[in-house]
Each structure stands twice: as C-alpha cells, then as structure tokens.
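Per-entry structural report
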Amino acid sequence: MVLGHTGSLTFFYSDDKGWGYKIDIVKRVKIFDTDGKDKANVTLVLYDPVHGSKREAYAGLRGATYNLLEGKMEKTKLENKEIFAKRLSDYRVKVSFTMPNVKEGSVIEYKYTINSNYITNLYEWHFQEDMPTRFSEFDYRIPEFFNYRESQVGSILTLDREVKNTGEQFTYHWETLPRAGQNPERRTSILDSDSKWTRSAARNVPALVDEPFMNNRPNLPARLEFQLMSFQMPGGKFNPVASSYEVFNK
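Residues numbered from 1 in each chain as written. Predicted model: local features only at pLDDT ≥ 70, side-chain atom pairs only at ≥ 80, totals over all residues. Heavy atoms only, no water.

1. Side note on the overall build of the protein
Just so we agree on the cut-off: Only DSSP runs of H or I covering at least 4 residues are called helices, and only runs of E covering at least 2 are called strands; the numbering of each starts at the N terminus. Accessible area is worked out with a 1.4 Å probe on protein chains only. A residue is then buried under 20% of its type maximum, exposed over 50%, and partly exposed in between. Working rule for contacts: check all heavy atoms of both residues, and any pair within 4.5 Å makes them a contact.
Across its full length, the protein holds 1 helix and 15 strands. For the protein, the spread of C-alpha atoms along the three principal axes comes to 75 × 50 × 40 Å. Expressed as a percentage of the 250 residues in the protein, the buried residues total 37%. Pairs at least 24 apart in sequence give 73% of the contacts found in the protein among residues at least 6 apart.

2. A look at the nonpolar core
Applicable threshold: Definition used in this section: a nonpolar core is a set of buried Ala, Val, Leu, Ile, Met, Phe, Trp, Tyr and Cys residues joined via side-chain atoms within 4.5 Å.
Judged by nonpolar contacts, the single largest core of 46 residues is most densely connected at Leu-9, Phe-11, Ile-23, Tyr-123, Phe-146 and Tyr-148. Counting residues per element, this core draws most heavily on strand 2 (residues 18–30), at 5 residues. Leaving out residues up to four positions away in the same chain, Leu-9 has contacts with Tyr-21, Lys-22, Ile-23, Leu-122, Tyr-123, Phe-138, Asp-139, Tyr-140 and Arg-141.

3. Remarks on the layout of surface pockets
To be explicit about the condition: Cavities and pockets were defined on a 1 Å grid built over protein atoms only: a cavity is a set of grid points that admits a 1.4 Å probe from which the probe cannot escape, a pocket is an open set flanked by protein on both sides within 12 Å along at least five of seven lines, and lining residues are those with an atom within 4 Å of any such point. Grid points are joined across faces, edges and corners, and a volume is the space filled by probe spheres set on the points. We call Asp, Glu, Lys and Arg charged. Ala, Val, Leu, Ile, Met, Phe, Trp, Tyr, Cys and Pro are nonpolar, and the rest, Gly among them, are polar.
Volume-wise, the largest pocket comes out at about 1,000 Å³. In terms of lining, the largest pocket is formed by 34 residues, of which the most central are Thr-43, Val-45, Tyr-123, Glu-124 and His-126. Ranked by the residues each element gives to the lining of the largest pocket, the list is headed by strand 3 (residues 41–47), at 7 residues. Broken down by class, the residue content of the lining of the largest pocket amounts to 19 nonpolar, 6 polar and 9 charged.

4. Overview of unusual backbone geometry
Of note in the backbone geometry, Asn-101 takes a positive phi value of approximately 55 degrees without being a glycine. Take Asn-101: it is sitting in the loop between strand 7 (92–98) and strand 8 (107–116). We classify Asn-101 as partly exposed; its relative accessible area is 31%. Of note in the backbone geometry, Asn-204 takes a positive phi value of approximately 50 degrees without being a glycine. Residue placement: Asn-204 occurs in strand 13 (residues 186–205). Given a relative accessible area of 60%, Asn-204 falls into the exposed group.

5. Observations concerning the sheet that holds strand 6 (residues 83–87)
Heads up, the condition is: Whether two strands pair comes down to DSSP finding at least two bridges between them. The angle between two axes is taken between their N-to-C directions and runs from 0 to 180 degrees, where each axis is a line fitted to C-alpha atoms and a helix contributes only its stretch in contact.
Spatial strand order, 3-7-6: 3 strands in an open sheet with antiparallel pairing. What marks the edges here is a single partner per strand, and that holds for strand 3 and strand 6. Neighbour-to-neighbour, the strand axes of this sheet turn through a mean angle of 20 degrees, independent of strand direction. Bridge count between strand 6 and strand 7: 5 bridges; the pairing is antiparallel.

6. Here we look at the pairing of strand 8
Within strand 8, 8 of the 10 residues are buried, which leaves the element mostly enclosed by the surrounding structure. Inspection of the sheet shows strand 2 paired to strand 8 by 10 bridges, in the antiparallel sense. Directly across from Ile-23, in strand 8, lies its bridge partner Ile-114. Relative to strand 8, strand 4 (residues 56–69) runs antiparallel, the two sharing 9 bridges. Bridged to Tyr-66 within strand 8 is Val-107.

7. Comments concerning the environment of Leu-61
Within the element layout of this structure, Leu-61 appears in strand 4. Using a relative accessible area of 9% as the deciding quantity, one classes Leu-61 as buried. With 56 residues separating them in the primary sequence, Leu-61 and Asn-117 have C-alpha atoms 19 Å apart.

8. A word on the packing of aromatic side chains
Note the threshold: Pairing of aromatic rings covers Phe, Tyr and Trp, the last counted by its six-membered ring, and requires centre-to-centre distances within 6.5 Å; plane angles under 30 degrees mean stacked, over 60 mean edge-to-face, and any other angle means tilted.
Under the counting rule described, the total for this entry stands at 18 aromatic pairs. Plain terms: the ring middles of Tyr-13 and Trp-19 are 5.2 Å apart, the flat faces sit at 65 degrees to each other, and that makes the pair edge-to-face. In this structure Tyr-13 comes out as partly exposed when scored by relative accessible area, which is 31%. Where Phe-97 meets Tyr-110, the ring centres are 5.4 Å apart and the plane angle is 80 degrees; that geometry is what we call edge-to-face. Taken together, the residues span a long stretch of sequence, with Phe-97 in strand 7 and Tyr-110 in strand 8 at a distance of 13 residues. For the pair formed by Phe-97 and Tyr-110, the shared burial category is buried. Members of the aromatic cluster, each reached through a chain of ring pairs, are Phe-11, Tyr-13, Trp-19, Tyr-21, Phe-145, Phe-146, Tyr-148, Phe-170 and Phe-231.

9. Notes on the sheet that holds strand 12 (residues 160–175)
A sheet is described by the order of its strands in space; here 8 strands give the open sequence 5-4-8-2-1-10-13-12, paired in mixed fashion. Either end of the sheet is taken by a strand with one partner, and the two such strands are strand 5 (72–77) and strand 12. In this sheet, adjacent strand axes meet at a mean angle of 15 degrees when their direction is disregarded.

Put into structure tokens, the structure is as follows:
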C-alpha cells in the first residue's frame with residue numbers, strides 16, 4: 001500500500017536556459033508480505049533527448065527502508081552505488097534502484113527532485129496505481145504569465161482542492177548598452193508574479209486492477225495532466241502555444 005505520495009511543483013528562471021520547473025516528490029510504501037517485495041524495485045523514466053535543449057533530470061535521490069525489530073526501528077539507507085541510469089531510446093532515460101533490506105512489514109521511503117525546462121507539458125501526477133493508496137497530494141504554483149489547461153482524467157475520483165493566489169519573485173540579469181570606451185554593465189532585476197497555487201489531494205484510492213480485454217490501461221489511472229495553452233510576459237505580446245481544432249483541421 002502507498003501510505004503517502006506527495007509532490008510540490010514550482011517554477012524557476014535561469015538566464016541561460018530560460019523558464020523551467022522543479023517538482024519535489026516523496027513516496028512511502030508499506031510492504032505487507034513477500035508478494036509485495038517487488039515494489040522495492042523502483043523505476044523512473046525521464047525525458048532526456050540526445051539532441052535538443054529541453055529535458056528532465058533528477059537530483060537529490062535518497063531513500064531508506066524501515067523495519068521494526070524487537071520493538072526498535074532499524075533504518076537501512078539506499079546507497080548511491082545502488083542507483084543505475086540506462087538510456088532506453090534517443091528520448092528517454094531510465095533510472096532504477098532497489099530499496100535495501102526489504103522484508104515482510106517493511107516501510108520504504110524515497111524522495112527526489114525532477115528539474116525540467118520542458119514546460120509545454122508539466123509533470124503528470126498519478127493519484128492511482130496498481131496498489132491501494134492511503135494518501136496522495138500534489139500542489140503546484142504557476143506564475144501568472146503562463147496559462148495551462150489542467151485536466152483530471154482517468155478513473156473518476158473526488159479530489160480535495162484548495163486554490164489561492166500567492167506572490168513570488170523571479171530574478172534575472174541583463175546588460176546595459178556599452179558607452180564609448182566603456183564596458184557594458186551587468187544589472188539585476190526582479191520580476192513579480194501574482195501566481196496561482198493549487199493543492200489537490202486524494203484519500204483511500206483503490207488499486208487499479210487488470211480486467212479481461214483491457215487494452216487501454218495507461219489511460220485509466222486517475223491523474224492530472226497539464227498543457228500550456230499560451231503565455232505572455234510583462235510588456236510582451238500574447239503567445240498562443242496549443243493549437244485549436246480549427247487550425248488542426250486547416
């Protein structure tokens with residue numbers, strides 16, 4: 001059973017790479033018996049094209065297995081040497097690891113950060129998977145310059161939601177035009193945003209069970225998807241990103 005699965009997404013700005021986002025993820029799973037020990041084998045698939053500047057990368061991967069022995073908690077840490085990365089294709093990389101010292105009754109916990117400058121589609125958050133989930137929560141803060149279409153798809157699921165506006169600032173650097181006999185000066189400016197913060201949470205989500213003649217399993221888990229529709233920087237022009245059916249038909 002997934003005891004807890006949380007993600008927190010925020011945007012950042014880099015002078016050399018532009019806009020991007022990061023998501024901090026924490027997951028805790030209870031292993032009840034030997035049949036569940038395969039859940040200690042964890043795989044992350046990242047978008048990392050051989051050619052191109054838009055990509056995902058993981059950082060800060062840590063984990064531990066907890067066992068209760070004679071009334072005392074034993075903690076076994078995941079070692080860096082137990083984490084492996086393998087290229088699956090020109091576009092995808094697989095990161096895999098196996099949590100150590102897993103037994104009946106173990107609780108495994110791991111956390112990591114994904115950094116991405118592929119902002120056309122944000123991280124897809126799954127509330128449902130092939131084992132029951134006690135609690136799943138995803139919060140995301142999107143700057144006012146970006147207009148995303150959020151879609152709740154898959155199995156019908158009632159979410160607890162909270163939405164509010166929150167201010168944040170982004171730092172960027174620029175250079176002045178050089179004067180005669182002088183070098184350009186590097187300046188720092190702040191970009192203010194009235195960002196939108198949203199929290200979506202689900203409790204006691206049933207497992208997604210395979211059924212006869214099921215041929216669309218990837219489309220069934222209850223999840224949130226995000227597509228960038230348009231963006232507009234302060235003082236800049238309106239930039240549509242997602243197309244329309246009319247344009248597609250034409």
